[in-house]
Amino acid sequence: MKTFQQHLQEAASYHGHICAGQIIGVRMARMALKLLKIDEPADFRDLIVYVECDRCLTDAIGIVTGCKLGRRNLKCMDYGKSAATFLNLQTGESIRIYRKMRTQIPDGVDSAEFFAAIPDEELFSTAHVKVHYRPEDLPGKPLYAMTCPKCGEEVIDGRQVTQNGVAVCKSCANGAYYNTEDC
């Protein structure tokens with residue numbers, strides 16, 4: 001596996017800068033890989049990561065693990081937490097890691113050195129958890145597709161909802177984040 005510094009440089013290059021979130025994400029991912037006994041994440045295809053925020057640490061976790069949204073092995077749950085669950089599909093083992101406390105870096109102190117001095121046990125809490133997922137949630141080709149009768153758009157992998165006994169897409173059922181009318 002690459003060194004911490006190599007992972008941090010790759011994460012910073014991808015993300016655009018080094019920050020506390022990048023450092024925490026790199027450390028969190030490296031800790032998970034160690035606990036799950038995954039020596040070379042670039043060669044390991046059976047890891048799914050559920051990140052619980054849409055912030056800096058998410059990019060770092062993706063870089064270290066090689067997991068990506070487009071490959072369907074990086075899932076953003078966005079609970080607003082500095083946490084992630086790492087699921088090894090080969091063994092069924094999964095571990096959730098979350099940051100125990102928000103720590104302020106003192107002025108003039110290098111952030112990487114600051115966080116490097118904090119042991120994993122002080123920075124993170126871990127818990128073995130059971131992840132509930134469906135076959136439609138796994139990487140690979142879509143298993144199912146349907147056309148929404150309201151908007152005519154395709155919905156894949158069971159992401160539709162039933163409304164008044166009719167399967168429709170979530171945006172037709174609950175309202176979308178966008179408006180197609182004259183703005």
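Before going into details, it helps to say that this report is about the structure given with it. Remember, it's a predicted structure, so these values are computed and weren't measured experimentally.

Some remarks on the packing of aromatic side chains
How two aromatic rings sit relative to each other is given by the distance of their centres and the angle of their planes. What the rule picks out here adds up to 2 aromatic pairs. Note on Tyr177 and Tyr178: the rings are 5.0 Å apart at their centroids and 85° apart in plane angle, and the pair reads as edge-to-face. Tyr178 gets classed as partly exposed once you look at its relative accessible area, which sits at 39%.

Points about the nonpolar core
Ranked by internal contacts, the top residues of the largest apolar core, which has 34 residues, are Met28, Leu47, Val49, Ile61, Phe86 and Ile97. Listed by contribution, the elements that provide at least two residues to this core are helix H1 (4-15), helix H2 (20-35), strand E1 (47-51), helix H3 (56-65), strand E3 (83-88), strand E4 (94-99) and helix H4 (111-116). Here the element with the most residues in this core is H2; it accounts for 8 residues. Residues contacting Met28, with those up to four places away along its chain left out, are Ile61, Ser82, Ala83, Ala84, Phe86, Ile97, Tyr98, Arg99 and Phe124. Among the nonpolar cores identified, the runner-up in size contains 6 residues, and Met146, Cys148, Val155 and Cys169 belong to it.

Let's talk about the sheet that holds strand E2 (residues 74-76)
Sheet strands pair via backbone hydrogen bonds, and the direction of the pair is either parallel or antiparallel. With respect to topology, 5 strands assemble into an open sheet ordered E2-E1-E3-E4-E5, the strand pairing being mixed. In this open sheet, the two strands that pair with only one neighbour each are E2 and strand E5 (124-128). For this sheet the average axis-to-axis angle between neighbouring strands, irrespective of direction, equals 20°. Where E4 and E5 come together, 5 bridges link them in antiparallel fashion. Considered in E5, the bridge of Ile95 is made with His128. Packed onto the sheet, H2 meets E1, E3, E4 and E5 and runs at close to 155° relative to E4.

Digging into the pairing of E1
In terms of residue burial, E1 counts as a mostly covered element, since 5 of its 5 residues are buried. Every second residue of E1 is oriented toward a common face, with Leu47, Val49 and Val51 on one face and Ile48 and Tyr50 on the other, all of them buried. Both E1 and E3 contribute to a ladder of 5 bridges, which runs antiparallel. In the strand pairing of E3, Leu47 is matched with Asn88. Sheet topology note: the E1/E2 ladder contains 3 bridges and is parallel. Note that in E2 the partner of Val49 across the bridge is Leu74. For the handedness criterion, the β-α-β arrangement of E1, H3 and E2 is classed as right-handed.

Structural notes on the environment of Leu8
Mapping Leu8 onto the fold places it in helix H1. It is 8.9 Å that separates the C-alpha atoms of Leu8 and Ile63, two residues lying 55 residues apart in sequence. Discounting residues that sit within four places of it in the chain, Leu8 has contacts with Ile18, Gln22, Ile23, Val26 and Ala112.

Focus: the side chain of Lys75
Here Lys75 is to be found in strand E2. Within the local environment of Lys75, its side chain forms a polar contact with the backbone oxygen of Arg72, the two atoms lying 3.1 Å apart. Those residues within four positions of Lys75 in sequence are excluded, and the remaining contacts are Ile48, Val49, Tyr50, Val51 and Asp137.

A look at H3
Since the α-helix advances by 3.6 residues per turn, residues separated by three or four positions end up pointing in the same direction. Within H3, 7 of the 10 residues are buried, which leaves the element mostly enclosed by the surrounding structure. Listed as buried for H3 are Leu57, Thr58, Ala60, Ile61, Gly62, Val64 and Thr65. Looking at the buried residues of H3, the elements they touch are H1, H2, E1 and E3. Residue Gly66 follows H3 closely and has a positive phi angle near 80°.

Reading guide: rules and limits
- Residues numbered from 1 in each chain as written.
- Predicted model: local features only at pLDDT ≥ 70, side-chain atom pairs only at ≥ 80, totals over all residues.
- Heavy atoms only, no water.
- Phe/Tyr/Trp six-rings, centres within 6.5 Å; stacked < 30°, edge-to-face > 60°.
- Buried < 20%, exposed > 50% of the residue type's maximum accessible area, 1.4 Å probe, protein only.
- Core = buried A, V, L, I, M, F, W, Y, C linked by side-chain atoms within 4.5 Å.
- Helix = DSSP H or I, 4+ residues; strand = E, 2+ residues; numbered from the N terminus.
- Contact = heavy atoms within 4.5 Å.
- Pairing = 2+ DSSP bridges.
- Axes fitted to C-alpha atoms, helices over the stretch in contact; angles between N-to-C directions.
- Right-handed = clockwise from strand over helix to strand, strands pointing away.
- Polar contact = N/O pair within 3.5 Å; in protein donor to acceptor, adjacent residues only side chain to side chain.

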